[in-house]
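# Observations on chain architecture
In case you want the letters, here they are:
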Amino acid sequence: MITLKGENIYLRALEPEDLDFIHTIENDESIWEISNTQTPYSRFLIKQYLEHAHKDIFEVKQLRLVISSYNDVALGMIDLFDFDFKNRRAGVGILVKEPNNRLKGYGSEALKLLINYSFKHLDLHQLYCNISEENDASIKLFSNQGFKEIGLKKDWNYVNGSYKNEYLYQLINK
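A short tour of the structure in this document, coming up. (Residues numbered from 1 in each chain as written. Predicted model: local features only at pLDDT ≥ 70, side-chain atom pairs only at ≥ 80, totals over all residues. Heavy atoms only, no water.)

## A few points about the overall build of the protein chain
Keep this limit in mind: The helix count covers DSSP runs of H or I at least four residues long, the strand count covers runs of E at least two residues long, and both are numbered beginning at the N terminus. Throughout this description, buried means an accessible area under 20% of the type-specific maximum (1.4 Å probe, protein chains only), exposed means over 50%, and partly exposed covers the range between. In what follows, residue pairs with any heavy atoms lying within 4.5 Å of each other are defined as contacts. The method behind every accessible area is Shrake-Rupley, applied with a 1.4 Å probe, and residues are considered shielded solely by the protein chains displayed.
Summing up its helical and strand segments, the protein chain has six helices and seven strands in all. Sorting the 174 residues of the protein chain into buried and exposed places 42% on the buried side. For the protein chain, restricting intrachain contacts to residue pairs at least 6 apart in sequence, the fraction spanning at least 24 positions comes to 56%. When the accessible surface of the protein chain is summed, it comes to about 10500 Å², and 50% of that surface belongs to carbon and sulfur atoms.

Given below as structure tokens:
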């Protein structure tokens, strides 16, 4: 059975009411490094994005879901991006917004749900992610779900005046 509901959280589609939540995340300069963002997003652009968020992953090549508590509190977001139907693969990105909600298992549960959905419902062969060499929490999160480090991209991202290495992790559906 395919489900996007876990024990403590569920994954849901974006809603118009998520405008402020997404606007806050997309304009949080402290996470621009992990999202490769360089400039802020306007509320207008995010509203336009939400108006088109219902489109099929096969059409727009991405899927963004909200990680939600059963109290309907938005905890973060998890994405499939760079969706490649021909080669049956996609990239994965995840963010639990508030630091006090991190290390509580929400990210792990969300990632497990997304992996199950990707392999069983979308029939993907593999998922991958890019993780900064310094991001120990993400390395642990993805490794614990079976992702394997397959490469190191040296001097990959230019951040605050210096270059940082980035790992490439991959999970193949057996």
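## Overview of the pattern of salt bridges
Which entries qualify depends on this criterion: Salt bridges, as used here, are contacts in which a Lys or Arg side-chain nitrogen is within 4 Å of a carboxyl oxygen on Asp or Glu.
Applying the stated criterion across every chain yields a total of seven salt bridges. A salt bridge links Asp84 to Arg89, with the nearest nitrogen and oxygen atoms 3.4 Å apart. With its nearest N and O atoms 3.0 Å apart, the salt bridge here joins Lys164 to Glu134. With Lys164 in strand β7 (residues 162-172) and Glu134 in the loop between β5 (126-132) and α6 (136-144), this pair connects stretches of sequence that are 30 residues apart. Owing to a relative accessible area of 16%, Lys164 belongs among the buried residues under this scheme.

## Topic: the nonpolar core
Convention followed: Here, nonpolar core refers to any group of buried Ala, Val, Leu, Ile, Met, Phe, Trp, Tyr and Cys residues whose side-chain atoms link them within 4.5 Å.
Ranked by size, the top nonpolar core spans 32 residues in total, and within it Leu11, Ile78, Leu127, Phe142 and Phe147 carry the most contacts. Those elements giving two or more residues to this core turn out to be β1 (9-13), β2 (63-69), β3 (74-84), β4 (89-96), α5 (106-121), β5, α6 and β7. With eight residues, the single largest contributor to this core is α5. Sequence-distant contacts of Phe142, that is, excluding residues within four places in its chain, are made with Val92, Ile94, Leu111, Cys129, Ile131 and Phe147. Residues Ile22, Ile25, Ile46 and Met77 belong to the second largest nonpolar core, which totals 10 residues.

## Focus: the packing of aromatic side chains
Operational definition: Ring pairs are drawn from Phe, Tyr and Trp, using the six-membered ring of Trp, whenever the two centres fall within 6.5 Å, and their geometry is named by plane angle: stacked under 30 degrees, edge-to-face over 60, tilted for the rest.
In this structure the tally under the stated criterion is five aromatic pairs. Ring geometry for Phe142 and Phe147: centres 5.0 Å apart, planes at 90 degrees, overall edge-to-face. Both residues of the pair, Phe142 and Phe147, count as buried. Residues Tyr167 and Tyr169 carry aromatic rings whose centres are separated by 6.1 Å and whose planes lie at 80 degrees to one another, so their mutual orientation is edge-to-face. One exposure class covers both Tyr167 and Tyr169, and it is buried.

## Details of the environment of Leu65
Mapped onto the elements, Leu65 comes out in strand β2. C-alpha separation for the pair Leu65 and Tyr10, spaced 55 residues apart in sequence, amounts to 9.5 Å. Excluding residues within four positions of it along the chain, Leu65 makes contact with Leu4, Leu11, Arg12, Ala13, Gly76, Met77, Ile78, Asp79 and Leu114.

## Things to note about the sheet that holds β7
In sheet architecture, strand pairing relies on hydrogen bonds along the backbone and comes in two forms, parallel and antiparallel. Quick reminder of the rule: Think of it this way: DSSP has to see at least two bridges between two strands before they count as a pair. Fitted lines through C-alpha atoms serve as axes, helices being fitted only where they are in contact, and the angles separating the N-to-C directions of these axes extend from 0 to 180 degrees.
Strand order in the open sheet formed by seven strands is β1-β2-β3-β4-β5-β7-β6, and the pairing between neighbours is mixed. Each end of this open sheet is capped by a strand with a single partner; those strands are β1 and β6 (148-159). Across this sheet, the average inter-strand angle for adjacent strands is 30 degrees, counted without regard to direction. Summarising the sheet, β4 and β5 pair through three bridges and their orientation is parallel. Its bridge partner lying in β5, Arg89 is registered against Gln126. Along the sheet face, α6 touches β4, β5 and β7 and points at about 160 degrees away from the line of β5.

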